[in-house]
Amino acid sequence: QSALTQPASVSGSPGQSITISCTGTSSDVGGYNYVSWYQQDPGKAPQLVIYEVSNRPSGISNRFSGSKSGNTASLTISGLQAEDEADYYCSSYSTSTLIHSYVFGTGTKVTVL
Amino acid sequence: QVTLRESGPALVKPTQTLTLTCTFSGFSLSTSGMCVSWIRQPPGKALEWLALIAWDDDEYYNKSLKTRLTISKDTSKNQVVLTLANMDPVDTATYYCARISRGGAWSFDSWGQGTLVTVSS
């Protein structure tokens, strides 16, 4: 199965808002609301920041929000802070191979200018 | 508190079979809707989903690696084992196990710290 498509990099100044896109197909992102987002600091394991398209786990800042339109999901970080600099990955439940599976995005490096 | 920890060899030779163990606590794989998955990440590259085992013993695999992967569980020991046969240098990666559940809307809500496996002769 093909990875979901994300921009390689996104940057913004402190206080600004940025949006990361995640494009799939009707067999994954477009077909199910099981889209999640992960933040990964260098050398660390990923951490869940958004699940089921737009829900935040306990302890995750409300500066993180998610949405979906058609085959594209998006993660928005508002009020950008230096601590938000990290790699971000989307993930979706998928039936593109006709069996239950999951697929991750290509990853986006967020830089705080 | 949910914790997961991966263990296994740091170095394997080409053609060998890799065996990794995920030992977890804070949940039970006998609970309906509970699953454990394996995910890997080559150095400097993206995450790749590998396999999942469910509370009801169902197994799901990345189609491109299905012939080489086996996932199993020992509920009494709170462990999940992944084997990857015929290792190649391209399989060099950090391997993570993660919890995924119906209650978490099928998101990977807890991860181990990962274990780096290098394939080299």
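Residues numbered from 1 in each chain as written. Chains lettered and ligands numbered in written order. Predicted model: local features only at pLDDT ≥ 70, side-chain atom pairs only at ≥ 80, totals over all residues. Heavy atoms only, no water.

> A description of the interface of chain B and chain A should follow, citing residues and the corresponding values.
The partner chain A presents 21 residues to the 23 residues of chain B that form the contact. At the boundary of chain B with chain A, total buried surface from both sides reaches about 1800 Å², with 68% on carbon and sulfur atoms. Our count for the contact surface shared by chain B and chain A stands at zero salt bridges. Residue assignment for the side of chain B that touches chain A shows that the elements contributing at least two residues are strand 4 (34-41), strand 5 (48-54), strand 6 (59-61), strand 9 (93-101) and strand 10 (108-111) of chain B. (Contact = heavy atoms within 4.5 Å. Buried area = accessible area lost by both parts, 1.4 Å probe. Salt bridge = Lys/Arg side-chain N within 4 Å of Asp/Glu carboxyl O. Helix = DSSP H or I, 4+ residues; strand = E, 2+ residues; numbered from the N terminus.)

> Break down unusual backbone geometry for me, citing the residues and quoting the values.
Although it is not a glycine, Glu52 of chain A sits at a positive phi angle of roughly 50°. Inspection of the secondary structure puts Glu52 of chain A in the loop between strand 4 (47-50) and strand 5 (64-69). Judged by relative accessible area, which is 33%, Glu52 of chain A ranks as partly exposed. Its identity is not glycine, yet Asp57 of chain B carries a phi of approximately 75°, on the positive side. (Buried < 20%, exposed > 50% of the residue type's maximum accessible area, 1.4 Å probe, protein only.)

> Describe the state of the cysteines, and please don't skip the residues or the numbers.
Applying the stated rule across the entire model yields two disulfides over all chains. Paired through a disulfide, Cys22 of chain A and Cys90 of chain A show a sulfur-sulfur distance of 2.1 Å. Here the disulfide of Cys22 of chain A and Cys90 of chain A is right-handed, its torsion about the S-S bond being about 80°. Taken together, the residues span a long stretch of sequence, with Cys22 of chain A in strand 2 (residues 18-23) and Cys90 of chain A in strand 7 (residues 86-94) at a distance of 68 residues. Two residues share a disulfide in this structure: Cys22 of chain B and Cys97 of chain B, whose sulfurs sit 2.2 Å from each other. Because the torsion about its S-S bond is 70°, the bridge between Cys22 of chain B and Cys97 of chain B counts as right-handed. With Cys22 of chain B in strand 3 (residues 18-25) and Cys97 of chain B in strand 9, this residue pair connects regions lying 75 residues apart in the sequence. (Disulfide = S-S within 2.5 Å.)

> I'd like a rundown of the nonpolar core, residues and numbers included.
The biggest cluster of nonpolar side chains holds 27 residues, and the ones touching the most others in it are Trp38, Val80 and Tyr95 of chain B. Elements that contribute at least two residues to this core include exactly strand 3, strand 4, strand 5, strand 7 (69-74), strand 8 (79-84), strand 9 and strand 11 (115-119) of chain B. Ranked by residues supplied to this core, first place goes to strand 3 of chain B with four residues. Residues Val35, Val49, Leu75 and Cys90 of chain A belong to the second largest nonpolar core, which totals 23 residues. (Core = buried A, V, L, I, M, F, W, Y, C linked by side-chain atoms within 4.5 Å.)

> Mind laying out the packing of aromatic side chains, listing which residues take part and the relevant values?
Enumeration according to the criterion identifies 14 aromatic pairs over all chains in this entry. An aromatic cluster is present here, built from Tyr32, Tyr34, Tyr38, Tyr93, Tyr102 and Phe104 of chain A together with Trp49, Tyr96, Phe108 and Trp111 of chain B joined pairwise through their rings. Arg99 of chain B extends its terminal NZ or CZ atom over the ring of Phe27 of chain B, reaching a point 5.3 Å from the ring centre. (Phe/Tyr/Trp six-rings, centres within 6.5 Å; stacked < 30°, edge-to-face > 60°. Lys NZ or Arg CZ within 6 Å of the ring centre and 35° of its normal.)

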